[in-house]
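# Structure at a glance
Residues per chain are reported as follows:
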Amino acid sequence: MKESKLSVKIDGKSYQVEPGLAILDACRNVGIDIPTLCYLKGLSKEAACSICLVEVTGAKALMRSCVTPINNGMEIYTNTERVRNARRINLELLLAGHPKECLSCDRSETCELRKIAFDMGIREVRFPKTSKTEFPIDKTSVSIIRDPNKCILCGRCVSVCSSIQSVQAIDFSGRGKASKVTTFFDQGLASSVCVNCGQCLLVCPTGALTEQNETEEVWKALFDPDKFVVVEVAPAVRAAIGEEFAMPAGSLVTAKLAQALRKLGFSKVFDTQFSADLTIMEEGYELISRIKNKGVLPMITSCSPGWIKFAEHFFPGILPHISTCKSPQQMFGAIAKTYYAKKYNIDPRKIIVVSIMPCTAKKFEAKRPEMKDAFKYWQKDLNLKKEDEFYDVDYVLTTREAARMIREAGINFSNLNGEDFDEPLGISTGAAVIFGATGGVMEAAIRTVHEVLTGKELEKLEFNALRGLDGIKVCEVDIQGLKLKVAVANGLSNARKLLKDVGDNKSPYAFIEIMTCPGGCLGGGGQPFSADGEAKPKRMETIYQEDRNKPLRKSHQNPAVNALYKEFLDKPLGEKSHHLLHTHYSRRQEPL
Amino acid sequence: MNPELIKLVEEWKGKDGNLIMILHEIQNHHGYVPRELSLELSKMLDIPLARIYEVITFYNFFKLSPPGKHLIRICMGTACYLRGASLILEEMKNILGVQEGQTTKDGLFYLDVVRCLGCCGLAPVLMIDNKVYGKVKKSEIADILSKYIKEE
């Protein structure tokens, strides 16, 4: 039976509200906003910031509206003198201890603390900064920087890391003025189980968590006449970067993005979607081979580097289940510095590969010591020495960093007419676009595997059971009598639910897709800080729209990928693929 | 890990509050919580390392480093504070080269700050192990410490 609605009075007006809500949510539902710096709906209930105070008739003290459930007959006031004074004092206390570096802070524009202080009309802070404790900044990670001095101890990052990702790399430590969020023994993120997903960074209200900024290095390369700098762009970036330029969430800006990057000075503007199609060829054939040769099943996707590190820490026993395919980012780097360099006669040492990713973990992936396969490929022919060593992918920028560079260059992004990507590594199909949404890699793989196995064209390309924002999605695919059970998980706590069965050899599935971030790459830790709470479904719709608009929608139809096999790789899972496009994983321990 | 501790862990596995109980036992046994034991506990109890570190650093009772041979307690209670205990503490930190809550490099002294040792008439007061030093002057600190150093 559905519980009946509650009658409450908010600011003197009567409302009927849903039962079971916190006062804060009930107020927001009827259009009254209450400021908060720690609350996240359905997730963080630290009640740490004390900004969301309201007056409830009959209650002695002011109540924190984020943790006080709404009751029938309640009379709530959100804007009294008492409420206003208390909120302001609490906010001023937070500001007193906060560094005044807003002008040069990474989060200057997007800082919630700054915005709330402005909106609440704080123009003067009554309290002097008394604490002189300076915490060291954690720069150990190649993905994420933590500055505890800017932290307001709201606890959102701790909540996300534990509940959404089930990683728990960070927690509070110390007490009083020594309180901070940190890793075990303050050893830094790099020595912890942190998977570099950056979900903490997305929820941080201040500049305490930021990505490792690589824009300076990229500018340097772009201005170096001796370098041939190429860029690859991940699918999810084009569905979100518009938000950085005040365009509404879900704006599709593929062509504008390609043009903006060309204006920045990249020699060639390529597409990670090209190598996403390539990934589907390799991964599709790997799945077929595992099924035919009774290999290790279920096979699990390997595109998401946060997931890979998670498995290496928490599920080392299932590593043989993970596809040996490198991610599209890494396949691109390896192909750009071998096939492309050869075809266009460019010295691979002069090629700089920059990738633009919705992801902070991709920075870590690019710097994995084994990701130097192009170097190994050329080592003998070019007589390369140890000191000549180069990575397949040189620099990784998040969507936000790319947007910063575009702004810095004075490019009026939203007014660009749009241009195409360059050939051949900029050609892609619809199957590659949908990599950006949870379920997309699975759908793209099925489109190809189905046609390779049956030799017949698929009637319906859309697999709706695999779409949407649910944490776990399952589906059974019938390939001419071969019933393939598949599952898709996004968010690592959801992945954990599927992995236990895999570890116990009880998994009913043949193929599992795992994406680290909720929603898949479109919700990645490198994406814009969205003011729109509904940005994810909008970005998702954009991605599927782009797929529908593509003339080719199956990876094995990509003419540039087929040319790559014909001219260079020979065949999927062939000798060259083995060296350039596949990798291995190993057990990790914490602390490292 | 000693067998008694393993037994204790087994006993407390899956029960609420198990981490604190076990950490207490480790603290009592070793005088601090050795890092390696935190690593083992994390595996045995399936509790994240960051969480263990949170608990150890939240409660003053738990120490992260081995205790010194001699425990120095400087009183910062009201009476001692008013009679200049902070000068005594500063001098102590300078001579020993440690902050409160730390052990000297040679392992000889552990410096702690406490609130009231119950002899305010002698303020400012400090204790080394079980011996009380009252009406201490900053200039006497070096002398007091040297006795313990000479014993070595």
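Rules used throughout
- Residues numbered from 1 in each chain as written.
- Chains lettered and ligands numbered in written order.
- Predicted model: local features only at pLDDT ≥ 70, side-chain atom pairs only at ≥ 80, totals over all residues.
- Helix = DSSP H or I, 4+ residues; strand = E, 2+ residues; numbered from the N terminus.
- Buried ≥ 20, exposed ≤ 12 C-beta atoms within 10 Å, placed from the backbone.
- Contact = placed C-beta atoms within 7 Å.
- Domains from an automatic or database assignment.
- Nonpolar A, V, L, I, M, F, W, Y, C, P; charged D, E, K, R; others polar.
- Pairing = 2+ DSSP bridges.
- Axes fitted to C-alpha atoms, helices over the stretch in contact; angles between N-to-C directions.

### Quick look at the overall build of chain B
In terms of regular secondary structure, chain B is built from seven helices and five strands. Secondary structure of chain B in N-to-C order comes out as α-α-α-α-β-α-α-β-β-β-β-α. By principal-axis analysis of the C-alpha atoms, chain B measures approximately 55 × 35 × 25 Å. Sorting the 152 residues of chain B into buried and exposed places 22% on the buried side. Of all intrachain contacts in chain B linking residues separated by at least 6 positions in sequence, the fraction that spans at least 24 positions is 61%.

### Overview of the domain arrangement of chain B
Annotation of chain B at the domain level lists domain 1 (3–58) and domain 2 (70–150). Measuring from the centre of the C-alpha atoms in domain 1 of chain B to the corresponding centre in domain 2 of chain B gives 31 Å.

### What about the interface of chain A and chain B?
Listed by partner, the interface residues are twelve residues for chain A and nine residues for chain B. Within the side of chain A that touches chain B, the residues separate by chemical class into five nonpolar, four polar and three charged.

### A closer look at the sheet that holds strand β3 (residues 109–114) of chain B
All names here are of chain B. One open sheet holds the five strands; their spatial order is β2-β3-β1-β4-β5, and the pairing between them is mixed. Where the open sheet ends on each side, the last strands, each with one partner, are β2 (102–103) and β5 (131–133). Pairing of strand β1 (residues 70–75) with β3 involves six bridges; the strand directions are parallel. Within β3, the position partnered with isoleucine 74 by the bridge is valine 113. Packing of helix α6 (residues 85–96) onto the sheet brings it into contact with β1, β3 and β4 (126–128), and relative to β1 it is tilted by some 150°.

### What about the environment of proline 572 of chain A?
All names here are of chain A. Position of proline 572 relative to the elements: it lies in the loop between α19 (559–569) and α20 (575–580). The buried category is assigned to proline 572, around which 22 C-beta atoms lie within 10 Å. Along the primary structure proline 572 and threonine 279 are separated by 293 residues, whereas in three dimensions their C-alpha atoms are 9.6 Å apart. For proline 572, the residues in contact, after removing those within four places along its chain, are Met281, Glu282, Tyr285 and Ser577.

### Some thoughts on the pairing of strand β3 (residues 53–56) of chain A
Residues and elements named next belong to chain A. The sheet contact formed by β3 and strand β4 (residues 63–64) spans two bridges and is antiparallel. Within the sheet, the bridge partner assigned to leucine 53 lies in β4 and is arginine 64. Taking the residues between adjacent antiparallel strands as the criterion, β3 and β4 are bridged by six residues, where glycine 58 takes a positive phi near 95°. As paired elements, β3 and strand β5 (residues 75–77) share two bridges and run antiparallel to each other. Across the sheet, glutamate 55 pairs through a bridge with tyrosine 77, a residue of β5.

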